[in-house]
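# Survey of secondary and tertiary structure
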Amino acid sequence: LIKPKMSVIKLSTWKTKLLAALLLIFFSCKEKKTSKVKAFPAEKIESINITTEGGNLSYFRNIRVDKDSISSIQRQLDTDSLNSSHKRAITPTEWDMLISNIDLSSVSKIKSGPSYQPFDGIDDIWEIKTSARTYRNKKKKKDIDNYKSLETLYSQLEELIQKK
């Protein structure tokens, strides 16, 4: 007996169904990627630098703090009363208090805004240096949800600068 051969149409339909099944299996096994940005578990804050600059009278202020010290420089044209600088040592307890409120995962989500200096505005530039990377942003105050920990930090820095 001679068996009849499979028709070309049935063979083509069979191949199409097999190909479709293999493609479904292939794409359903694809690993899903998460879009969350996570801070490294071992990431430690090494220093914080805040620069405020701009305006009609070229206002400039820089606050820099690390685990050992805090310094502040403030300058403005035509006004000697605002020109000042402070530097002092800080304790490990003060440093721990400052960095304990910083949520690096929120900081990494903050998007920089446009500069206001061309319009006689003032820009705030934040740099938080960690063991893994440096977070740098300009005009963060518009991102209210992610900026909260930095607002707290800024007020704590102001208090530390005023201490003698």
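Placed above this text is the structure.
What you are looking at is a predicted structure, and each value in this text was computed from that prediction instead of being measured. (Residues numbered from 1 in each chain as written. Predicted model: local features only at pLDDT ≥ 70, side-chain atom pairs only at ≥ 80, totals over all residues. Heavy atoms only, no water.)

### Side note on the overall build of the protein
In terms of regular secondary structure, the protein is built from 4 helices and 6 strands. Counting the 164 residues in the protein, one finds 30% classified as buried. Counting only contacts in the protein whose residues sit at least 6 apart along the sequence, the fraction spanning at least 24 positions is 55%. (Helix = DSSP H or I, 4+ residues; strand = E, 2+ residues; numbered from the N terminus. Buried < 20%, exposed > 50% of the residue type's maximum accessible area, 1.4 Å probe, protein only. Contact = heavy atoms within 4.5 Å.)

### A look at the sheet that holds strand β5 (residues 122-130)
Strand order in the open sheet formed by 6 strands is β4-β3-β2-β1-β5-β6, with antiparallel pairing between adjacent strands. If you trace the sheet from one side to the other, it starts and ends with β4 (84-89) and β6 (134-138), each paired once. Pairs of neighbouring strands in the sheet enclose a mean axial angle of 5°, with direction left out of account. Across 6 bridges, strand β2 (residues 59-66) lies against strand β3 (residues 69-75) in antiparallel orientation. When the sheet's bridge partners are listed, N62 is paired in β3 with I73. (Pairing = 2+ DSSP bridges. Axes fitted to C-alpha atoms, helices over the stretch in contact; angles between N-to-C directions.)

### Describing the nonpolar core
Among the nonpolar cores identified, the biggest contains 22 residues, and I48 and I128 are the most heavily contacted of them. Elements with a minimum of two residues in this core: β1 (45-54), β2, α2 (92-100), α3 (104-109), β5 and α4 (144-162). No other element matches the 6 residues that α4 contributes to this core. In this structure I128 touches I45, S47, I48, I102, L104, V107, R133, T134, Y135 and L150, once residues within four positions along its chain are discounted. (Core = buried A, V, L, I, M, F, W, Y, C linked by side-chain atoms within 4.5 Å.)

### What to know about the side chain of E94
Inspection of the secondary structure assignment puts E94 in helix α2. You can call E94 buried: its relative accessible area is 11%. Within the local environment of E94, its side chain forms a polar contact with the backbone nitrogen of T91, the two atoms lying 2.9 Å apart. Residue contacts for E94: discarding those within four places in its chain leaves R88, A89, L160 and K163. (Polar contact = N/O pair within 3.5 Å; in protein donor to acceptor, adjacent residues only side chain to side chain.)

### Let's talk about α2
Restricting attention to buried positions, one finds in α2 the residues E94, W95 and L98. Seen from one end, α2 has its buried residues packed into an arc of 100°, which puts them on one side. Exposed side chains of α2 directed beyond 90 degrees from the buried face belong to P92, T93 and S100. (Arc of directions from axis to C-beta.)

### Thoughts on the pattern of salt bridges
In this structure the tally under the stated criterion is 3 salt bridges. Here E158 ties to R61 by a salt bridge, and the two come within 2.6 Å at their closest N and O atoms. Remark: R61 occurs in strand β2 and E158 occurs in helix α4; sequence separation between them is 97 residues. The exposure class of R61 is buried, given its relative accessible area of 10%. Among the ionic pairs, E94 bridges to R88, the shortest N-O distance being 3.1 Å. As far as burial versus exposure is concerned, E94 and R88 are alike and both buried. (Salt bridge = Lys/Arg side-chain N within 4 Å of Asp/Glu carboxyl O.)

### Some details on the environment of N101
Assignment of secondary structure puts N101 in the loop between α2 and α3. Put simply, N101 and E151 are 50 residues apart on the chain and 10.0 Å apart in space, counted from C-alpha to C-alpha. For N101, the residues in contact, after removing those within four places along its chain, are S149, T152 and Q156.

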